[in-house]
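Next come the chains, spelled out residue by residue.
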Amino acid sequence: MSEYSSALVGFAVLRANYNAEAPSYIDNFRGFVLGVLAEHEPKPLTRDVVASEINDSFGIRIPDLVVGKILKRAKHTKHIEGSETGYVLTKLGLKTAPAVRGLRDKYLRQQRELEDRFLKFVGSEFPEHRDMLAAPVAEELSKYLERHAVPLIASSVKGRGVSRPQSDRQAPGFEYVIARFVAHLYERDDVGFSYIEESAKGAILAAVVTLDTSSFRNSLGALSIYLDTPVLIDLLGYSGAASMRATNQLIELAQAQGASLRVFEHSFREVDGVLQSAENYSRSAGRREARPIDLHFQEQGWNAADIVIARQSVPDAIKAFGIETSMKPDDYRRYGLDEEKLEKSLQDVVHYKSENTRRYDVESISAIHRLRKGSSRGTLDRCGAVLLTDNTELVRAVQLVEDERHDWPLAMTDSALAGILWARSPTVATELPRHMVLAAAYAGMQPDPHLWSRYVDEVGVLEGRGGVSADDAIVLRSTSVGRNALMEETLGIDAEMTSESPLAVLERIRSEIEEPVLEQLRARQNSEASATTSADNAAAAWMKTHEEVERLAGELQKQKETNEGLQVELKNRRQEDADRRTALKSHADRRAKFISKVILWCIAVPLVALVALKLIDPPWLKEVPDWLEWSIIVAAVVAAGLAILDSLGQGTVTQWLAPVERRLAARIQAKELRKVLLDQSLTKDREKVASPNG
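Residues numbered from 1 in each chain as written. Predicted model: local features only at pLDDT ≥ 70, side-chain atom pairs only at ≥ 80, totals over all residues. Heavy atoms only, no water.

Details of the packing of aromatic side chains
Next up, step 1: As enumerated under the stated definition, the model contains 16 aromatic pairs in all.
Next up, step 2: Summarising the aromatic geometry, the rings of Phe29 and Phe32 are spaced 6.2 Å apart at their centres and angled 40 degrees between planes, so their arrangement reads as tilted. The burial state of Phe29 is the same as that of Phe32; both residues are buried.
Next up, step 3: The lysine or arginine in question, Arg104, covers the ring of Phe58, its NZ or CZ lying 5.7 Å from the ring centre.
Next up, step 4: Directly above the aromatic system of Trp452 lies the positively charged group of Arg483, at a separation of 4.5 Å from the ring centroid. (Phe/Tyr/Trp six-rings, centres within 6.5 Å; stacked < 30°, edge-to-face > 60°. Buried < 20%, exposed > 50% of the residue type's maximum accessible area, 1.4 Å probe, protein only. Lys NZ or Arg CZ within 6 Å of the ring centre and 35° of its normal.)

Concerning the confidence of the model for the chain
Next up, step 1: Residues at a pLDDT of 70 or more form 81% of the chain, whose mean pLDDT is 80.
Next up, step 2: Throughout residues 158-167 the model reports pLDDT below 50, and contacts reaching past four residues in sequence, or to other chains, amount to 15 contacts. (pLDDT = per-residue confidence, 0-100. Contact = heavy atoms within 4.5 Å.)

Comments concerning the packing of helix H5 (residues 91-125) against helix H9 (residues 190-208)
Next up, step 1: Two numbers describe how H5 lies on H9: the axes approach to 10 Å, and their chain directions differ by 120 degrees. In this view, H5 runs oblique relative to H9, as classed from their interaxial angle. As for how H5 packs across H9, the hand of that crossing is left-handed. Judged by residue contacts, Gln110, Glu113, Leu114 and Arg117 of H5 engage Val191, Gly192, Tyr195 and Ile196 from H9.
Next up, step 2: For the contact of H5 with H9, the per-class residue count stands at four nonpolar, two polar and two charged. (Axes fitted to C-alpha atoms, helices over the stretch in contact; angles between N-to-C directions. Helix = DSSP H or I, 4+ residues; strand = E, 2+ residues; numbered from the N terminus. Parallel < 35°, antiparallel > 145°, perpendicular 65-115°, else oblique. Left-handed = near helix turned anticlockwise from the far one by under 90°. Nonpolar A, V, L, I, M, F, W, Y, C, P; charged D, E, K, R; others polar.)

Examining helix H18 (residues 414-424)
Next up, step 1: Counted residue by residue, H18 has ten buried out of eleven residues, so it is predominantly covered.
Next up, step 2: Listed in full, the buried residues belonging to H18 are Asp414, Ala416, Leu417, Ala418, Gly419, Ile420, Leu421, Trp422, Ala423 and Arg424.

Brief notes about the side chain of Glu270
Next up, step 1: Along the chain, Glu270 turns up in helix H12 (residues 265-283).
Next up, step 2: Nearest to the buried, unbridged Glu270 among oppositely charged side chains is Arg291, at 8.7 Å.
Next up, step 3: Once residues lying within four places of it in the same chain are set aside, the contact partners of Glu270 are Thr229, Thr357 and Tyr360. (Lys, Arg positive; Asp, Glu negative; His and termini not counted. Salt bridge = Lys/Arg side-chain N within 4 Å of Asp/Glu carboxyl O.)

Examining the nonpolar core
Soluble, globular proteins show a tendency: their nonpolar side chains are buried together.
Next up, step 1: Core analysis: the largest hydrophobic core is formed by 89 residues, its most contacted members being Tyr25, Ile225, Leu227 and Leu380.
Next up, step 2: In this structure Tyr25 touches Tyr18, Ile204, Leu205, Val208, Val209, Thr213, Phe216 and Ala423, once residues within four positions along its chain are discounted.
Next up, step 3: Residues Leu145, Ile196, Ala440 and Ala485 belong to the second largest nonpolar core, which totals 51 residues. (Core = buried A, V, L, I, M, F, W, Y, C linked by side-chain atoms within 4.5 Å.)

Considering the sheet that holds strand E4 (residues 260-264)
Next up, step 1: Strand order in the open sheet formed by five strands is E5-E4-E3-E6-E7, and the pairing between neighbours is parallel. Whereas interior strands pair on both sides, the edge strands pair on one side only; in this sheet they are strand E5 (324-326) and strand E7 (411-413). The average angle at which neighbouring strand axes cross in this sheet is 40 degrees, direction not considered.
Next up, step 2: As paired elements, strand E3 (residues 224-227) and strand E6 (residues 385-389) share four bridges and run parallel to each other. Of the residues in E6, the one forming a bridge with Leu227 is Leu388. (Pairing = 2+ DSSP bridges.)

Concerning unusual backbone geometry
Next up, step 1: A cis geometry characterises the amide bond from Glu41 onward to Pro42, with omega recorded as 5 degrees.
Next up, step 2: Mapped onto the secondary structure, Pro42 falls in the loop between helix H2 (30-39) and helix H3 (47-58).
Next up, step 3: Although it is not a glycine, Lys78 adopts a positive phi angle of roughly 70 degrees.
Next up, step 4: Secondary-structure assignment places Lys78 in the loop between helix H4 (64-76) and strand E1 (80-83).
Next up, step 5: Of note in the backbone geometry, Lys373 takes a positive phi value of approximately 60 degrees without being a glycine.
Next up, step 6: On the secondary structure map, Lys373 appears in the loop between helix H16 (355-371) and E6.

Description of the pattern of salt bridges
Next up, step 1: Per the stated rule, a full pass over the model turns up 30 salt bridges.
Next up, step 2: When the shortest N-O distance is used, the salt bridge between Glu488 and Arg180 registers 3.7 Å. A residue pair is termed long-range when its members are at least 10 positions apart, and Glu488 in helix H22 (residues 480-490) and Arg180 in helix H8 (residues 174-188) qualify at 308 residues.
Next up, step 3: Since its relative accessible area comes to 18%, Glu488 is described here as buried.
Next up, step 4: The partner of Asp472 in a salt bridge is Arg510, with the nearest N and O atoms 3.1 Å apart. Of this pair, Asp472 sits in helix H21 (residues 470-477) while Arg510 sits in helix H23 (residues 501-533), placing them 38 residues apart in sequence.
Next up, step 5: Taking relative accessible area as the criterion, Asp472 reaches 18% and is therefore assigned buried.
Next up, step 6: For Arg510, a relative accessible area of 38% puts it in the partly exposed group.
Next up, step 7: Linked by salt bridges that have partners in common, Arg15, Glu197, Glu198, Lys201 and Arg434 make up one network.

Take a look at the structure:
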């Protein structure tokens, strides 16, 4: 197989070229035709040769009839010319084709990167299974996407009992390893997971081309989608977050396209029975085989009381999603279906372990048949009603009923319907393929029912003959740890399951539990060995270090004594400085008070002298106006009185002059302080000049 033949490349090219607004859905596949014709230019190619070359070059299988439609439309748009005997490119086609070939080369490099990531992952996580790498990695990844991104889209619609060619079946072990790889990319490698996501979108688009896409623009207003019990469980979140997100987006996309969402009343009863069984499992402390829903509640830390509350809230929760409850139609005789034959077909294909589950499925299929009045058209928008399930075997079993008269199947898987709905409106729910891939990956990491049943039987046999204890048996069959270890031991391959498998699983569990402790022990032993080897060097280094420490300790003591002396000296200087400032302030206050009194007396004495002159009354004083004389006398008397009172400390002059005295004292203190500092600076300069080093 050539390196171009992996469908990963074709899926990515299709996704990159896809245009939701194209005149026709199949116009999005024109690039593949142009690319193939360009590689064989100028040789003309027939329809069947073009289909074969598309498969070889891009890994995508397009039916010959669909290729014929694409050729006719490409001829109509002037991209090719010719007839059924052979087609070649026109000038317009020659201009368009290089872009397609360039995309192929780009995504071929991306495919190689994804292969390298996968090989490193297997080498790290599954070194004991390197032999599986002999299979072409890109081809197995393509098969995985075709199987899980779009399971049964073509076969569930095109005819009964359609199966995949033997060459397209997944190589043993790859199913589980790729699921682990996809989950690993999602959790740790955004770029690698984006490759998977884009390829999954292309896989959906490629699978849908096999359908009648002419009705894709029609509303689904006449369609009622009935949710089977497992789909309801997923929607409620009891199968994990990934399944819940994927189912929730599927529901929203269906409603956005006009479809009605419904659930049969008997499916409600089945959901309640499933939750009641989970409640009983919780009360029994895991003494029976655990189902996925039991493990989900266990991992979430739910107890029986929590599950009881969940049971009570189911009707309101379903109603909140806009899902209506319906009774099954009672016109059984008019549109009857051979239910006994249907039940036998279901049992032969599905291999039910529960009779109740089988009976509920028969009731649902029969009800859909009667809702369609015994027959249906061949498009989703005109079929009337469909049962949505997660059980691919149920879908296949329904197809095997010979007297089914429906061009559109009575039941579809949630993944198949999600793929069709997304292809109809890929810009509405852009993350739906992402959630589909994740849900498929986490589901693929769990053992299938047949493998798990065989394993549980072997655990029971071992417990019965004393090969394992009762506690070990609970761990093996009733915990997610046991399920995960079984898949790691067998890779999900049924043939790898033997009577010794439970013991190997138990050993693996113990090893995984003990490994962290052993790793710590090994690290400690390595540390002790390293310490022993370097003991002599460490002793010599210690002696040298000890001497250095003693030397440094002596220097440190001297420095400490010096620092203590400096601290005492600094304290003394600070005290001297404080005393000096206090003395300066006191001196400044006295001087300010003296100056203010001098000024006051200087004013008062002349005024008193003027009063004395008035009493003597010399002749020249008569020329002074009377009002001035009396003003002087009054001022003199007031000033004298105030001066006397101030001298005695009884008047208010002191209070009035206090702010002035404080400012004057501050100026005097600052002036004297600058003088002191200047004297100290000059003294230090003289000492520095007088010193020998000066």
